[in-house]
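Take a look at the letters that make up each chain.
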Amino acid sequence: MMFALTGPAVDGPAYVDVVHLAQHAPDWLNDSVSAWSTYGLAVFAVFMVIAWWSARRVGATASVTALAVPVVVVVAYAVDAALKLLVHENRPCRSLRVTVLETCPARGDWSFPSNHAAVAAAAAVALLFVFRRLGAVAVAAAVAMAASRVWVGVHYPHDVLAGAVVGALTVTAAMSVLRRWAGPLARRLAATRLRPLLAVS
């Protein structure tokens, strides 16, 4: 079953206000936000590598938790993508007559919920399970990612909010389960050729 969501009726005016503000913002700001919107997810991959590398010095259990981060983020993305197939919401840049910073995605590339926001939130929450300080930095980056998607005009505010909730809830559930099995799994992996991934010798 598919559901058609009418975005303008939810928070269309707020979206229009944001994109109009973007049209009057300095070029350096718009260029920075657009770059972050397009390439910012790569920063979360860097955070994951830093978390794993640091966790190796803590111990095998911490390393297993860090190595699980990209896995659970992929799971969160899959859940978010499945919701997109159920909810057919047109992009706001197609439903509303506005000028936006980025090229509007093609028809059929649905808007709700935001994949970028889901992945960013999922990564941030998962990293909180590894290192709180790094996770806090990632949370700030995730908020910036969600905001940037509205600023460049490709999502409504409710799209990024929903994406963030989906990503955060999915990862919280997955990491909570993993926490129970991280110790035994670490001991098993430590007896294999994967031992160098788990801890500094």
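Calculation rules
Residues numbered from 1 in each chain as written. Predicted model: local features only at pLDDT ≥ 70, side-chain atom pairs only at ≥ 80, totals over all residues. Heavy atoms only, no water. Helix = DSSP H or I, 4+ residues; strand = E, 2+ residues; numbered from the N terminus. Buried < 20%, exposed > 50% of the residue type's maximum accessible area, 1.4 Å probe, protein only. Contact = heavy atoms within 4.5 Å. Areas by Shrake-Rupley, 256 points an atom, 1.4 Å probe, with all protein chains shown as cover. Expected span 1.5 Å × (residues − 1). Arc of directions from axis to C-beta. Salt bridge = Lys/Arg side-chain N within 4 Å of Asp/Glu carboxyl O. Axes fitted to C-alpha atoms, helices over the stretch in contact; angles between N-to-C directions. Parallel < 35°, antiparallel > 145°, perpendicular 65-115°, else oblique. Left-handed = near helix turned anticlockwise from the far one by under 90°. Nonpolar A, V, L, I, M, F, W, Y, C, P; charged D, E, K, R; others polar.

**Description of the overall build of the protein chain**
From N to C terminus, the protein chain includes nine helices and zero strands. Evaluated residue by residue, the protein chain yields a buried proportion of 47% over its 201 residues. Expressed as a percentage of contacts within the protein chain between residues at least 6 apart in sequence, the contacts between residues at least 24 apart total 81%. If you sum the accessible surface of the protein chain, you get close to 10700 Å²; carbon and sulfur atoms cover 67% of it.

**Overview of helix α3 (residues 41-55)**
The first and last C-alpha atoms of α3 sit 21 Å apart over 15 residues, in line with the 21 Å expected at 1.5 Å per residue. Every buried residue of α3 is listed here: Phe-44, Phe-47, Met-48, Ala-51, Trp-52 and Ala-55. Projected down its long axis, α3 shows its buried positions confined to an angular sector of 130°, all on one face.

**Focus: unusual backbone geometry**
That bond from Phe-112 to Pro-113 is cis: its omega, -10°, falls within 30 degrees of zero. Following the sequence through the fold, Pro-113 ends up in the loop between α5 (92-95) and α6 (115-128).

**As for the side chain of His-155**
Positionally, His-155 belongs in the loop between α7 (132-151) and α8 (157-190). Using a relative accessible area of 1% as the deciding quantity, one classes His-155 as buried. Those residues in contact with His-155 that lie beyond four places of it in its chain are Tyr-15, Lys-84, Arg-91, Pro-92, Ser-111, Ser-114, Arg-149, Val-150 and Val-160.

**Looking at the pattern of salt bridges**
A complete count under the given rule lists two salt bridges for this structure. Arg-91 is the partner of Asp-109 in a salt bridge, and the nearest nitrogen-oxygen pair spans 2.9 Å. Taken together, the residues span a long stretch of sequence, with Asp-109 in the loop between α5 and α6 and Arg-91 in the loop between α4 (60-86) and α5 at a distance of 18 residues. According to the relative accessible area criterion, Asp-109 is partly exposed, its value standing at 36%.

**Quick look at the packing of helix α2 (residues 27-39) against α7**
Remark: α2 packs on α7, axes separated minimally by 9 Å, with the N-to-C direction vectors making an angle of 110°. As the angle between them shows, α2 and α7 are arranged roughly perpendicular. Here α2 and α7 pass one another in a crossing that is left-handed. In this structure, α2 uses Leu-29, Asn-30, Val-33, Trp-36 and Ser-37 to contact α7, whose residues at the interface are Ala-141, Ala-144, Met-145, Ser-148, Arg-149 and Trp-151. Partitioning the contact of α2 with α7 into residue classes produces seven nonpolar, three polar and one charged.

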